[in-house]
Every structure is written in structure tokens, then in C-alpha cells.
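Take a look at the letters that make up each chain.
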Amino acid sequence: MSDTDAVEGAEADEADGLRTPIVAVLGHVDHGKTTLLDTIRGSAVSEGEAGAITQHIGATAVPLETVSEMAGDLVDPTDFDLPGLLFIDTPGHHSFTTLRSRGGALADIAVVVVDVNDGFQPQTIEALEILQRTGTPFVVAANKIDTTPGWNPNDGAPIQATYEQQSEGARGRLDENLYEIIGDLSDEGFSADLYWRVQNFTKNVGVVPLSAITSEGVPDLLAVLMGLSQRYMKEQMAIDVTGPGAGTVLEVKDERGFGATVDVVLYDGSIRADDEIVVGGVDGPIVTEVRALLQPRPNAEIRVEKRFDKVDEVRAAAGIKVAAPELDDAMAGAPIRVIRDRDRADVIEEVEAELAEIQVSTEEEGVVVKADTLGSLEAMANALREVEIPILRAEVGDIAPRDVAVASTANETKHKAILGFNVDVLSNAEDELDESDVTLFADDVIYQLVEEYEEFVDELERAQQ
Ligand code: GDP
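Please read all numbers here as calculations on a predicted model, not as lab measurements.

Brief notes about the layout of surface pockets
- If you add up the space inside the largest pocket, you get close to 620 Å³.
- Surrounding the largest pocket, 28 residues form its lining, Val252, Ala330, Val396, Gly397 and Asp398 being those nearest its centre.
- Residue assignment for the lining of the largest pocket shows that the elements contributing at least two residues are strand 11 (246-255), strand 21 (367-371), strand 22 (391-396) and helix 10 (401-408).
- Tallied by class, the residues present in the lining of the largest pocket amount to 12 nonpolar, four polar and 12 charged.

Structural notes on the site of the ligand
- As a matter of local geometry, the ligand sits amid 15 residues, with Asp30, Lys33, Thr34, Thr35 and Asp146 nearest to it.
- Taking Thr34, its side chain carries an N or O atom lying 2.5 Å from an oxygen atom of the ligand.
- At a separation of 2.9 Å, an oxygen atom of the ligand approaches a polar side-chain atom of Lys144.
- For the ligand, whose accessible area on its own is 580 Å², the fraction buried by protein is 72%.
- The leading source of residues in the shell around the ligand is helix 2 (residues 33-47), at three residues.

Observations concerning a negative patch on the surface
- On the surface, a cluster of negative charge is contributed by Asp254, Asp283, Glu326, Asp328 and Asp329.
- By the element assignment, Asp329 lies in the loop between strand 19 (318-323) and strand 20 (335-338).

Some words on the packing of aromatic side chains
- Under the definition given, this model contains six aromatic pairs.
- Arranged with centres 5.5 Å apart and planes meeting at 75 degrees, the rings of Tyr195 and Trp196 form a pair that is edge-to-face.
- Measuring from centroid to centroid gives 6.0 Å for Tyr453 and Phe456, while their planes differ by 40 degrees, and the two rings are tilted. With Tyr453 and Phe456 both in helix 12 (residues 446-464), this residue pair falls three residues apart, about one helical turn.
- Since its relative accessible area comes to 18%, Phe456 is described here as buried.
- These aromatic residues form a ring-pair network of at least three members: Tyr163, Tyr195 and Trp196.

Focus: the confidence of the model for the protein chain
- Looking at the protein chain, the pLDDT average stands at 89 and 91% of residues meet or exceed 70.
- Below a pLDDT of 50 lies the segment residues 1-16, which in the model reaches 27 contacts outside its immediate sequence neighbourhood of four places, other chains included.
- Overall, residues 300-304 carries pLDDT values under 50, and its contacts beyond four positions in sequence, including any with other chains, amount to four contacts.

What to know about the sheet that holds strand 7 (residues 109-115)
- Across the sheet, which stays open at both edges, the eight strands sit in the order 2-3-4-1-7-8-10-9 with mixed pairing between neighbours. In this open sheet, the two strands that pair with only one neighbour each are strand 2 (54-56) and strand 9 (192-194). Shown here is a sheet whose adjacent strand axes are inclined to one another by a mean of 25 degrees, direction ignored.
- Where strand 2 meets strand 3 (residues 59-63), three bridges bridge the pair, whose relative direction is antiparallel. The residue of strand 3 that forms the bridge with Thr54 is Ala61.
- Against the sheet, helix 3 (residues 64-71) touches strand 3 and strand 4 (84-88), its axis set at about 75 degrees to strand 3.
- The strands that helix 6 (residues 168-187) touches are strand 7, strand 8 (138-143), strand 9 and strand 10 (205-209); relative to strand 9, the one it contacts most, it runs at about 160 degrees.

Focus: the pattern of salt bridges
- Enumeration according to the criterion identifies 22 salt bridges in this entry.
- We note a salt bridge from Arg342 to Glu350, for which the minimum N-O separation is 2.8 Å.
- For Glu412, the salt bridge goes to Lys414, with nearest N and O atoms at 3.7 Å.
- In this structure Glu412 comes out as partly exposed when scored by relative accessible area, which is 38%.
- Look at the salt bridges and you will find they share partners, linking Lys253, Glu255, Asp263, Arg307 and Lys321 into a network.

Quick notes on the packing of helix 9 (residues 374-386) against helix 12
- Closest axis-to-axis distance for the helix 9/helix 12 pair is 10 Å, and the angle between their directions is 45 degrees. With respect to each other, helix 9 and helix 12 are oriented oblique. For the pair helix 9 and helix 12, the crossing hand works out as right-handed. Residues Ser376, Ala379, Met380, Ala383 and Leu384 of helix 9 form the contact with helix 12, whose participating residues are Ile446, Leu449 and Val450.
- The class makeup of the residues in the contact of helix 9 with helix 12 is seven nonpolar, one polar and no charged.

Considerations on the nonpolar core
- In this structure, Leu36, Phe87, Val111, Phe138, Val140, Leu185 and Leu225 are the most contacted members of the largest nonpolar core, which totals 68 residues.
- A per-element tally of this core places helix 7 (residues 218-235) first, with 10 residues.
- Excluding its chain neighbours within four sequence positions, the residues that come into contact with Leu185 are Phe120, Leu128, Phe138, Val140, Phe190, Ala192, Val205 and Val207.
- Judged by nonpolar contacts, the second largest core, of 33 residues, contains Met331, Ile339, Ile391 and Val450.

A few points about unusual backbone geometry
- Put simply, Ala316 and Ala317 share a cis peptide bond, and its omega is -5 degrees.
- One non-glycine residue with positive phi stands out, namely Asp30, at about 75 degrees.
- Inspection of the secondary structure assignment puts Asp30 in the loop between strand 1 (22-27) and helix 2.
- Residue classification places Asp30 among the exposed residues on the basis of a relative accessible area of 64%.

The rules behind the values
- Residues numbered from 1 in each chain as written.
- Predicted model: local features only at pLDDT ≥ 70, side-chain atom pairs only at ≥ 80, totals over all residues.
- Heavy atoms only, no water.
- 1 Å grid on protein atoms, 1.4 Å probe; cavity = no way out; pocket = protein on both sides within 12 Å on 5 of 7 lines; lining within 4 Å.
- Points joined across faces, edges and corners; volume = space filled by probe spheres on them.
- Helix = DSSP H or I, 4+ residues; strand = E, 2+ residues; numbered from the N terminus.
- Nonpolar A, V, L, I, M, F, W, Y, C, P; charged D, E, K, R; others polar.
- Near = heavy atom within 4 Å.
- Polar contact = N/O pair within 3.5 Å; in protein donor to acceptor, adjacent residues only side chain to side chain.
- Areas by Shrake-Rupley, 256 points an atom, 1.4 Å probe, with all protein chains shown as cover.
- Patch = residues over 30% accessible without salt bridge, like charges linked within 9 Å, V, L, I, M, F, W, Y side chains within 5 Å.
- Salt bridge = Lys/Arg side-chain N within 4 Å of Asp/Glu carboxyl O.
- Lys, Arg positive; Asp, Glu negative; His and termini not counted.
- Charge placed at Lys NZ, Arg CZ, Asp CG, Glu CD.
- Phe/Tyr/Trp six-rings, centres within 6.5 Å; stacked < 30°, edge-to-face > 60°.
- Buried < 20%, exposed > 50% of the residue type's maximum accessible area, 1.4 Å probe, protein only.
- pLDDT = per-residue confidence, 0-100.
- Contact = heavy atoms within 4.5 Å.
- Pairing = 2+ DSSP bridges.
- Axes fitted to C-alpha atoms, helices over the stretch in contact; angles between N-to-C directions.
- Parallel < 35°, antiparallel > 145°, perpendicular 65-115°, else oblique.
- Left-handed = near helix turned anticlockwise from the far one by under 90°.
- Core = buried A, V, L, I, M, F, W, Y, C linked by side-chain atoms within 4.5 Å.

Here it is as C-alpha cells:
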């Protein structure tokens, strides 16, 4: 291997029987996802030796030893044969809830962050519905407990003891909020309780009261995640982290000097700098050759050409940027597969089959749907099907002039509409949109988007009567 510091996470994987679990952090905007991830990363850096955590593209790997140092007495490393935890750390990109891997969700487990004062909000419910549909086990981080009136903070401490030491008033106020969250979980069909009363975290949802600011309760969250991962990963098939890799595209991005690149979470096998790969694209599978595998350089100066280190190989689970020719039409949410010693036609067929599984069936008449990833497009299509709204065309990507043209061909006024989930309107489509009779609906919460469209249809129908 010519490059050096690439695969610390992977070395740990090799030593142990189970692959690093992929953890997604989800929740409503402003409930504290970014702060929680920063706190976990920050404590990992200060607790562990320098370099103990590895920053990946779109993900952070925290090795078992570091998890155990952060969690104190709550995690005994000898109890686990997991290499650590890989946190997907692009929380702004909340549609990764819908990202898939072969046969299921990309994330093995999830943390749903709920602000204790704010309770359940639309994106909380949306995250839970997707987790339920994909059968992804999760824990709830009941965040911002430090804002409870009368709360006596205990920075970085485990929560159970801290909770019991609070004044009756403060604990009562927190309890009120916590039980509201537990009740709301039950309304969504989950049997939940405070985590120290839960026996089996794959059956019941544990609620961990914590503060991403004071870090109290973060040790408990890590301990629960480790316990849940250990049980869950054991149930998964054994994974060969050196075989031809499989992953999911998080994002398609232009990088100066490399052209179109894909940010990928590799969940199986390995990818090497000289591999031939197949990537899901707008018009079907793209067969190409890796030009470079890129990892972010720690503390890099902001000089574009110096931001990445080239690496020779990464092994699951890991986040990696792949530079290769022909990636312009790659789709976020689509599969990526390494061919290596496999039959090329088989791999192409596999990618085709996976794309076909997600492609949305369309009708002669209906609305145009655009979404940021393949998974969110599928979630949109499901939501529309439930309320019997037909789809004329459904695609991944920003709203382009072509979409306006297609939408305006609808015969019924109510169908002259574009529903955009988490996408922008390309500047060259703005004028066309203004001049057309097409109505645009844009939102980053699926059910709100569907509701807005339904209200528009209702109003139209009322106006016609
Ligand atoms: P995100 O949109 O879910 O990623 O939320 P952020 O992490 O950006 O947090 C939103 C706001 O809540 C920020 O101003 C944070 O400083 C604040 N915040 C997050 N966690 C906590 C917490 O545990 N306690 C307090 N008091 N504020 C918090």
C-alpha cells in the first residue's frame, strides 16, 4: 500500500468478527442532531489518543476503546466484539433516513433526537415511520434536559444517577416531558420506556435523557448503542470485509481536479483504487473504473487540491469519496458495486435489479415528482400512492426546464404540478416555471408536501363548483 493512514477503522474490522455498525442520527430540525454528533466527536478526540477516531466522507468512525473511554463504567470493551461505531454525520441531509442498502436500510441502527421541550414534530414522525417500515432498531435521545427549570447539571456524567439526584421539582418537570415522548412513541406503535427499564432494546425502544451541550447522558447513549449493535449485528450475516464491495451513494458532487465524484457509504466488502465499479445512474447502471479513492485530510488547510488524501483501499463499514469518469449521471441513493473478480454482467444485472426495485411506476396522467435521493423518491411515491395521487414522472435531481415542460403536458389543471422534495429549482428553470401554468410545491417534509398539494387540489375543486 503506497498511502498510509487510510484504514484504521478497517484494521479493527479485520481483527473482529462483526462489521462496524452504521449508525444514523435523525430527528426534527433544531432538535440537536449536529450538536450531539459534534459532542460525540469532540469527546472522542479528547478521550482517545490522537487519531483514534477517523473522519470519513460523510461518516465518523469511533473505535471500541474510545467508545468505552467516553462511556466510562457503562461500557466494558471485553463484553463486545464490535470494532466500534460508524456515525453517518451529514444530519442536514435528513433524507438519508431513506437510504437503502441491498434489501434494507443503509443504517443498521439509528438515534432519533427529540428536544424534550418541543416533543414530537413532523420530521420526528417521518423518521419513525421510515424506521418502522425498514425495521431499523433505534433509541431515542431525549435531548436538551439541561434546559429543564431547576436542573442541576453534571457535565459528562451518566444520566441515571444524575436524574435521581435532582430536586423533586426539576425531576417532575423533566418526567412530564419524557412521558409525553414515551406516550407519543406508543401512539406511533412503539413500546418505549426510560432506557434503564428496558431489557431488550431490539424489541422495546429505550429513551435516554441527555444533553448534547453538557454531555450528561451521552455515556448512557453510547452504552445503549453498543448493546443494541452487538445484539443486532450478531443477527446479521457474517460479512467478508475484503470481498468486492457494495455501498450506497450519499451524494454526487463535482470536485475540482476530479470532475463528478460520488460520496459513498460502503456497507460490505472493500473498494480499491484500481477497481472496476458499477454505479446506479439516471439512465441505468454506469460501468467505470475508479480513478481515486479520497478521504478527508484531518485539519486540512482550505486549499481545494489539498483537501483529500488518496487511499488504496477501504473496507466496510466506511465513508469514502470515489472519483471516476462518467459519474455525472450517478444518483444519490443508488447502489455502487465493485466488479473485481466477479462476473461483470452479474454485477450490472444486480445494480439494474436494485434500481428497478426503486423506480416508481408512472401513469399517463399525474404530477411530476423530484427528490434528492432514490430512497426519498420512493418514500414520496409511497406517500402519494396512499392518497391516490397519480405520478406522471418521478426522478432524482433538481427541478430542470424539462420537468416544467413535462408537467405542463398534463391534461388536468390539478396535475400541472411539480412536487419537489429537498431539491432546488435550477436557475434556467425559474423563468419557465414563472411563465408556465405549472404550480410548484417544495418542502423537506414529505407529508407536508403531500398535504400542500392536496389543499391546492381541494381549492381548485371548490373554485370550479
Ligand atoms: P439540528 O438541526 O438537529 O442539527 O440541531 P442543532 O444541533 O443545530 O441544534 C439546534 C440548536 O439547539 C443549537 O442552537 C444548539 O446549540 C441547541 N442545542 C442542541 N443541543 C442542546 C442541548 O442539549 N441543550 C441546549 N441547551 N441546547 C442545545
